[in-house]
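Take a look at the letters that make up each chain.
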Protein chains: 2
Amino acid sequence: MTHKKVVILGGGFAGINAAKVLSGDRNCQVTVIDRGNHHLFQPLLYQVAMAGLNPSDIASPIRSMLHRYDNMFTLLAAAKDIDVDRRLVVTDFGEREYDYLIVACGASHDYFGNDRWEEFAPGLKTIPQATEIRRRVLMAFESAERTYDLDEQTKCMTFVLVGGGPTGVELAGAIAEMAHNTLKQDFRTIDATHAKVILVQGGDRILKQFPEPLSKYSKEALESLGVQVRLGDRVTDITADGVQIGDDFIAARTVIWAAGVKANPIGKSLGAEMDRAGQVIVGNDLSIAGHPEVFVVGDLASAKDQEGNALPGLAPVAIQQGRYVAKLIRRESAGKSTAPRAPFRYRDKGQVATIGRRRAVMQSGRFRLTGSLAWLGWLFIHILYLNGFRNRFFVFLSWAWSYVTFARGARLIVPKQWKNRSE
Amino acid sequence: MTHKKVVILGGGFAGINAAKVLSGDRNCQVTVIDRGNHHLFQPLLYQVAMAGLNPSDIASPIRSMLHRYDNMFTLLAAAKDIDVDRRLVVTDFGEREYDYLIVACGASHDYFGNDRWEEFAPGLKTIPQATEIRRRVLMAFESAERTYDLDEQTKCMTFVLVGGGPTGVELAGAIAEMAHNTLKQDFRTIDATHAKVILVQGGDRILKQFPEPLSKYSKEALESLGVQVRLGDRVTDITADGVQIGDDFIAARTVIWAAGVKANPIGKSLGAEMDRAGQVIVGNDLSIAGHPEVFVVGDLASAKDQEGNALPGLAPVAIQQGRYVAKLIRRESAGKSTAPRAPFRYRDKGQVATIGRRRAVMQSGRFRLTGSLAWLGWLFIHILYLNGFRNRFFVFLSWAWSYVTFARGARLIVPKQWKNRSE
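Here the structure is a predicted model, which is why all the values come from computation and not from measurement.

Right, let's get into the UniProt feature "domain: FAD/NAD(P)-binding" (unreviewed entry) in chain A. UniProt annotation of "domain: FAD/NAD(P)-binding" (unreviewed entry) refers to residues 4-322 of chain A when read in the numbering used here. The distance from the first to the last C-alpha atom of residues 4-322 of chain A is 17 Å, and the span holds 27% helix and 29% strand.

Here it is, written out as structure tokens:
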């Protein structure tokens, strides 16, 4: 019997979980292709941006996650094209044939056709974006401290978050807490506690994937931290000077984009049907029409649950999809089953989001929780799902340290350029 | 009585130690000016470059180091000029007057007139340089894994360190250990243990500031790790393809510069006498001729010890000089002393350098030590001198972890660009 060649594009939640299930399977030869060398625990990326954690605390080299298994091959390369007829993937580093393909390339930000906003309002999906946001937020306080122009000072100390999902809420809470606790004593000209944090949400409530009472709690929790929550407001322009919201202009030096999401453009090369956000429409076995050997999973996939509702772009969905597909491939390459594939079923275990110290919301089925207990639950779940003992241990210690001291361990402003001459 | 205005340029070892001595002094109003926001523990910077530590483990925000004291003011700005006659410092953010000035701006790399080498051979003085070197070293292995061209593979897996001082030795040992331990299992096409590490030293021995037997031990320790040590060799050219050493060309993708050092050009604006390396020549009270209120300390200063030997550019020298000058200023601004200044005396407590796991050299006066005990001494001294309990604790844990597992906790290849579009 020959090996089945499995190619996995992307080492995010979906890809890495598929790879883990296929690890050690003697019937499959697996190649994981990613343009980065690490798997990233995105739910904690905002803490890197907020100087609470180090990038390496939430990232693990894909190679070492998989190196124990002889059937796993890791390739650092960017996928450029997929030829579903010839069954090969074209990367910037040559081609790879496959018998099964798992496309798990995720999504990036979408500025709704206003790509020029990116310069002024970075999104938060990658480590370089997190450190760029960290640099901007810390530099904003430094610039406020240096200026004697009061308008400029106000602008420096105004932070606008666009988007009221978990990322926007977590960032807003964290900036407010940083200003009130961590930085309080550090400045002489400015009072860091006067920082203005504004969360702009287009819909009528924040955290709209949670039950309504939890949205209400979250809004009040943010407001108690001094965050101004603007509901039903749409950003119409972003410049170096601030944010336009209809007729209202907010002068702000720091704007962070936590709104639109757009699927990875590689999905196009599959030739399958796509939805408006560029997600690839998949069947109930997560394969594309006409190609049962090509699966799309995670944020790139437009999949539906049993009731026909679109599945959200969440880590648990990606994890379960990755595992489901890998199990299918394992069974089929073992030649055990020619029966029709059982459809993918998403088991919704619930969700959790944090606003700040001892403030969080949690929901699982009909069970709802807010406050300290929900916050402890949030901590516990995130430690549990982190990859590897080392990351768990160091994140736990960093949190314990920050909780006691109010300090943030990674408050570094690092210049972009490394050369001597440009300094 | 009026306050004396003290300006400290630079938050390195010399500057921060001067600031600490002046903290809380009621007669002085102190401004620390640095273009970065953090004090950096440079002796461990090579571990950041070698993916063993996080940047924030060895850096602390200058603001929070000094925020307890009302007389301390921290300014993030780059010094552009010093006007010793008008007693003011010009920064990119306005001017500052002073009664006393402490110039502690340190040094950067010198390519001996071949600045174009920097592109191909970064030095190691700052965090961006450390992360750039980390990226290059890790990417070199990835590129070797991807290519089928054997010459290219050899080039990717050849690492040249230029300079046989502590930094060159530490980096050479660390790259060799990374190849033999950390990365051994991770690759499929290449055998990481075949990596070639070459240390090029112009003089006739490495670690020449140590007694001769310790240099010999270090060379043998490096060789036992597989490092090739080339003595009496001078680099005549560096390109993208490798290093020219006389008639000999070494094809190497990764070259690291650990050789020449050049003082910060700001020293020129003092109008004082300078030596060939651009260091400012100071008197035995570390002030410049004709300006007893202007002190130059640390790597920027050309100072002599009691026997007339030039003091080396080491952390202990900078620390003692910073403290000495600050104590002078404290005494004089209290108006207690008009007596002539007692000259600066450097107390040489010894030195230590590490080659790798359980391999180090240590010397204090006539006492010499090599091997495991010296290595434990090295660990202990570096933990002791790190700033703050948090950094000590996390560095200690990272080391303990790496020692047991052979892993390196910060093996991230991070792209330079943060934008979506450029990916």
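Residues and elements named next belong to chain B. Its 14 residues give helix 9 (residues 372-385) an end-to-end C-alpha distance of 20 Å, which sits within 8% of 20 Å, the value for a rise of 1.5 Å per residue. Turning to helix 9, its buried residues are A374, W375, G377, W378, L379, H382 and I383. Residues of helix 9 that are buried sit in contact with helix 2 (45-49), helix 6 (166-182), strand 23 (351-356), strand 24 (359-364), strand 25 (367-370) and helix 10 (389-405).

At the junction of the two partners, chain B supplies 69 residues and chain A supplies 70 residues. Summed over both partners, the interface of chain B with chain A comes to about 6,400 Å²; 53% of that surface belongs to carbon and sulfur atoms. For R63 of chain B, the salt bridge identified is with E145 of chain A, shortest N-O distance 3.9 Å. At the junction of chain B and chain A, the tally comes to 22 residue pairs in polar contact (both at pLDDT 80 or more).

On to the environment of K262 of chain A, then. Take K262 of chain A: it is sitting in strand 18 (residues 260-263). Given the relative accessible area of 29%, K262 of chain A is considered partly exposed.

The next thing to look at is the pairing of strand 7 (residues 88-91) of chain A. Residues and elements named next belong to chain A. Sheet analysis places strand 6 (residues 79-83) next to strand 7, joined by 4 bridges and oriented antiparallel. Bridge pairing links D83 to L88 in strand 7. Connecting strand 6 to the next strand, strand 7, in antiparallel fashion are 4 residues, including R87 with a positive phi near 55°. Here 4 bridges tie strand 7 to strand 8 (residues 94-97), and the two strands are oriented antiparallel to one another. Note on strand 8: the bridge partner recorded for V89 is R96.

On to a positive patch on the surface. On the surface, a cluster of positive charge is made up of K20, R323, K327, R347, K349 and R392 of chain A. Here R347 of chain A is to be found in the loop between helix 8 (315-333) and strand 23 (351-356).

A full pass over the atoms with the stated rule returns 29 aromatic pairs over all chains. Relative to W399 of chain B, the ring of W378 of chain B lies with its centre 5.4 Å away and its plane at 35°, an arrangement referred to as tilted. Of this pair, W378 of chain B sits in helix 9 while W399 of chain B sits in helix 10; the two residues are 21 residues apart in sequence, bridging distant segments of the chain. Just as W378 of chain B is buried, W399 of chain B falls in that class too. We note R357 of chain A situated over the ring of F406 of chain A; from NZ or CZ to the ring centre the distance is 3.7 Å. Here R390 of chain A stacks its cationic end above the ring of F394 of chain A, 4.2 Å away from the centre of that ring.

Once that is clear, we can look at the relation of the copies chain B and chain A. Superposition of chain B onto chain A requires a rotation of 180° combined with a translation of 0.0 Å along the rotation axis, giving an RMSD of 0.0 Å. The transformation relating the two chain copies, once decomposed into turn and shift, fits a two-fold axis. Residues of chain B ranked by C-alpha distance from the rotation axis are headed by N54 of chain B, positioned 3.4 Å from it. Interface residue correspondence from chain B to chain A reaches 100%, placing this contact among same-surface, isologous pairings.

Scoring rules and cut-offs
Residues numbered from 1 in each chain as written. Chains lettered and ligands numbered in written order. Predicted model: local features only at pLDDT ≥ 70, side-chain atom pairs only at ≥ 80, totals over all residues. Heavy atoms only, no water. UniProt positions renumbered as here; feature names shortened; annotations may be inferred. Helix = DSSP H or I, 4+ residues; strand = E, 2+ residues; numbered from the N terminus. Expected span 1.5 Å × (residues − 1). Buried < 20%, exposed > 50% of the residue type's maximum accessible area, 1.4 Å probe, protein only. Contact = heavy atoms within 4.5 Å. Buried area = accessible area lost by both parts, 1.4 Å probe. Salt bridge = Lys/Arg side-chain N within 4 Å of Asp/Glu carboxyl O. Polar contact = N/O pair within 3.5 Å; in protein donor to acceptor, adjacent residues only side chain to side chain. Pairing = 2+ DSSP bridges. Patch = residues over 30% accessible without salt bridge, like charges linked within 9 Å, V, L, I, M, F, W, Y side chains within 5 Å. Areas by Shrake-Rupley, 256 points an atom, 1.4 Å probe, with all protein chains shown as cover. Lys, Arg positive; Asp, Glu negative; His and termini not counted. Charge placed at Lys NZ, Arg CZ, Asp CG, Glu CD. Phe/Tyr/Trp six-rings, centres within 6.5 Å; stacked < 30°, edge-to-face > 60°. Lys NZ or Arg CZ within 6 Å of the ring centre and 35° of its normal. Least-squares fit on C-alpha atoms with pLDDT ≥ 70 in both.

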